[in-house]
Amino acid sequence: MAKAPVLTPRAEDFPRWYQDLINKAELADNGPVRGTMVIRPYGYGLWERMQQEMDARIKDAGAQNAYFPLFIPQSYLTREAEHVEGFAPELAVVTHGGGKELDEPVVVRPTSETIINDYFSKWVQSYRDLPLLINQWANVVRWEMRPRVFLRTSEFLWQEGHTAHATYEDARDYAARIHRDVYADFMINVLGIDVVLGRKTAKERFAGAINTLTLEGMMGDGKALQLGTSHELGTNFAKAFNTQYLSKEGKQELVWQTSWGVSTRMVGGLIMSHGDDSGLRVPPRLAAVQVVVVAIKGDEAVAKAREVGDRLKAAGLRVQVDDRIDTPFGRRAVDWELKGVPVRVEIGPRDLEAGTAMLARRIPGGKEPVSLDALAGLLPALLEEDQALLLKQSRERRESRTSDVATLAEAAEAAVAGGWARIPWADLGPEGEAKLAEQAVSVRCLVAEDGSVPDADDAPGTVAIVARAY
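As the structure is a prediction and not an experimental result, all values here were calculated from the model.

Novice: Looking at this model, I keep getting lost on the overall build of the chain. Mind explaining?
Specialist: In terms of helices and strands, the chain carries 14 helices and 23 strands. Scaling as 2.2 N^0.38, a compact globule of 470 residues should have a C-alpha radius of gyration of about 23 Å, and the chain matches this with 25 Å. A principal-axis box enclosing the C-alpha atoms of the chain has dimensions of 80 × 55 × 50 Å. Long-range pairs, those at least 24 residues apart, make up 68% of the contacts in the chain between residues at least 6 apart in sequence. On the chain, roughly 20600 Å² of surface is accessible, and the fraction owed to carbon and sulfur atoms is 49%. Where the 56 positive side-chain charges of the chain centre and where its 67 negative ones centre are 3 Å apart.

Novice: Explanation requested: a nonpolar patch on the surface in the structure shown.
Specialist: Where nonpolar side chains cluster on the molecular surface, the patch consists of Val-33, Trp-143 and Met-145 and spans about 310 Å² of accessible area. In this structure, Met-145 sits in the loop between strand S7 (132–141) and strand S8 (155–165). Among the residues examined, Met-145 registers a relative accessible area of 53% and is labelled exposed.

Novice: Would you take a moment to explain the packing of aromatic side chains for this structure?
Specialist: Centre-to-centre distance and the angle between the planes together describe a pair of aromatic rings. Here the structure, examined in full by the defined rule, presents 10 aromatic pairs. Pairing Tyr-76 with Phe-241 gives two aromatic rings, centres 6.0 Å apart and planes at 70 degrees, and the pair type is edge-to-face. With Tyr-76 in helix H3 (residues 74–77) and Phe-241 in helix H7 (residues 236–241), this pair connects stretches of sequence that are 165 residues apart. Residue classification places Phe-241 among the buried positions, given a relative accessible area of 5%.

Novice: Sorry if this is basic, but what is going on with the packing of helix H1 (residues 14–24) against helix H8 (residues 265–274) here?
Specialist: One can describe the packing of H1 onto H8 by two numbers: an axis separation of 11 Å at closest approach and a directional angle of 115 degrees. When the axes of H1 and H8 are compared, the crossing they make is right-handed. Contacts between H1 and H8 pair Phe-14, Trp-17, Tyr-18, Leu-21 and Ile-22 from the former with Gly-268, Ile-271 and Met-272 from the latter. Looking at the contact of H1 with H8 residue by residue, the class counts come to 7 nonpolar, 1 polar and no charged.

Novice: Please explain the pairing of strand S5 (residues 93–97) as it appears in this structure.
Specialist: Note on strand geometry: in a regular strand, side chains alternate between the two faces of the sheet. Bridge count between S5 and strand S6 (residues 100–108): 4 bridges; the pairing is antiparallel. What sits directly across from His-96, in S6, is Glu-101. The hairpin turn running from S5 into S6, its antiparallel successor, is 2 residues long, and Gly-98 in that turn takes a positive phi close to 65 degrees.

Novice: Looking at this model, I keep getting lost on the sheet that holds S6. Mind explaining?
Specialist: With antiparallel pairing, the 3 strands of this open sheet are ordered in space as S4-S6-S5. Strands with a single pairing partner mark the edges of an open sheet, and in this sheet they are strand S4 (71–73) and S5. If you compare each strand with its neighbour and ignore which way they point, the axes differ by 50 degrees on average.

Novice: Quick question: what am I supposed to make of the packing of helix H2 (residues 41–60) against H8 here?
Specialist: The description of two helices packed together rests on the angle between their axes and the distance between the axes. Put simply, H2 and H8 touch, their axes get as near as 10 Å, and they point 110 degrees apart. Judged on the interaxial angle alone, H8 and H2 are roughly perpendicular. Between H2, through Leu-46, Trp-47 and Met-50, and H8, the contact on the second element is made entirely by Met-266, Val-267 and Leu-270. Class assignment for the residues of the contact of H2 with H8 results in 6 nonpolar, no polar and no charged.

Novice: Mind showing me how you'd approach the pairing of strand S23 (residues 463–467) here?
Specialist: When you tally the buried positions in S23, you get 5 out of 5 residues, the bulk of the element. Burial along S23 is two-sided: the face carrying Val-463, Ile-465 and Ala-467 and the face carrying Ala-464 and Val-466 are both buried. Across 4 bridges, the pairing between strand S21 (residues 420–424) and S23 is antiparallel. Opposite Arg-422, over in S23, you have Ile-465 as the bridge partner.

Novice: Would you explain the nonpolar core in this entry?
Specialist: Buried together is how nonpolar side chains tend to be arranged in soluble globular proteins. Formed by 58 residues in total, the largest nonpolar core has its most connected members in Leu-27, Phe-150, Met-187 and Ile-271. Judged by nonpolar contacts, the second largest core, of 24 residues, contains Tyr-76, Leu-77, Leu-132 and Tyr-245.

Novice: I'm lost on H2 in this one. Help?
Specialist: Helical periodicity: at 3.6 residues per turn, an α-helix aligns residues three or four positions apart in one direction. The end-to-end C-alpha separation of H2 is 28 Å, in line with the 28 Å expected for 20 residues at 1.5 Å each. Along H2, the residues that are buried comprise Tyr-42, Gly-43, Gly-45, Leu-46, Trp-47, Arg-49, Met-50, Glu-53, Met-54, Asp-55, Arg-57 and Ile-58. Positioned one or two residues after H2, Gly-62 has a phi angle of 100 degrees, which is positive.

The rules behind the values
- Residues numbered from 1 in each chain as written.
- Predicted model: local features only at pLDDT ≥ 70, side-chain atom pairs only at ≥ 80, totals over all residues.
- Heavy atoms only, no water.
- Helix = DSSP H or I, 4+ residues; strand = E, 2+ residues; numbered from the N terminus.
- Rg over C-alpha atoms; globule rule 2.2 N^0.38 Å.
- Contact = heavy atoms within 4.5 Å.
- Areas by Shrake-Rupley, 256 points an atom, 1.4 Å probe, with all protein chains shown as cover.
- Lys, Arg positive; Asp, Glu negative; His and termini not counted.
- Charge placed at Lys NZ, Arg CZ, Asp CG, Glu CD.
- Patch = residues over 30% accessible without salt bridge, like charges linked within 9 Å, V, L, I, M, F, W, Y side chains within 5 Å.
- Salt bridge = Lys/Arg side-chain N within 4 Å of Asp/Glu carboxyl O.
- Buried < 20%, exposed > 50% of the residue type's maximum accessible area, 1.4 Å probe, protein only.
- Phe/Tyr/Trp six-rings, centres within 6.5 Å; stacked < 30°, edge-to-face > 60°.
- Axes fitted to C-alpha atoms, helices over the stretch in contact; angles between N-to-C directions.
- Left-handed = near helix turned anticlockwise from the far one by under 90°.
- Nonpolar A, V, L, I, M, F, W, Y, C, P; charged D, E, K, R; others polar.
- Pairing = 2+ DSSP bridges.
- Parallel < 35°, antiparallel > 145°, perpendicular 65-115°, else oblique.
- Core = buried A, V, L, I, M, F, W, Y, C linked by side-chain atoms within 4.5 Å.
- Expected span 1.5 Å × (residues − 1).

Quick look at the structure:
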């Protein structure tokens, strides 16, 4: 009788496969309140590595970390009309505290443009205070009607950057810098996801923004996932909060602003981009554990595994030693495959006799014996090979499943079939976008014919990327 698969096969039921993997790889559990999640240590380790990589890039772009309150007076959100309208259906509002009704209801932070602007208006006095570049790592709450762990939860973790600039051009360029040098660099070179950089249509812009830049990734089932956004806010919030500065010419001027963010949704994107029927595959540059050294059985194997682990750590690798010989080896091997650790080094009595270890590579697959003495010199190059392979596979999937089309019907057909479509924006337009939405198909972003980000929605040669999305 055939053994039942550990995970539901992706081709059979992709959403069930996704949920199976989260559970069996011990990434997260559903929280006690609908739409919330408990991130387990291995899943949180992935998020911590994302934080570390992102935080370094954000600081390289000149931003400093700060923290603002979780509770925001409800009146703050009403100051910018588009903003409150865009977020109203998702708000969690507190009306009582300390056993009493509050004088003014407070909103549990859905995003922080309003409260941060209140303080920007106090901190910015003259052109010498600009640019003001702030980032915070925090949790936010947006009441979710159709929750999915990591992808859509009522509470999630993220970073949100907020900046104030003296000119439109400076703000525009900074939003583009974050989009390109922080987000795209991280997603392509660390996550190994070949994202498309584009511009959101007017319909899909962030509430209160004059332009939204996005990064879209194709998942294993051909759907699109928005992995991050960077917004030009113009002077909309500056007007609402009277955020002004005294210019060099002695005039009071409104600041120009940006905001930008990525969240724990990236963990979901990681799973759906790189996972296979055996579990997760974690890019080596991201992995909290790049190499697991597994003692198969016997005290000598345990001692050698610890020794090898120390040697690999000294070589600069992130290593965990699995010396739980009271747990069957087969079960442990399956667990590490599920978790997607890039390399497994297996050491047993026979390996000790031969002076070798069995090297199992999770990303390309396959096992081979390798000299114990050669491991430290060999593994860094292999990990880089595996990193490059994930990016190559991500790019090939997107390119092979993206069609150039000429009509609305062809665009919808390609998206429904599990792929992306490229169609000239001039042939689609807002009317075509609205018709696609009736079929649960959306314009993910606008790109120029050469793949760059267009300066305006109606720039000549602008192409719409059309897909079904998470």
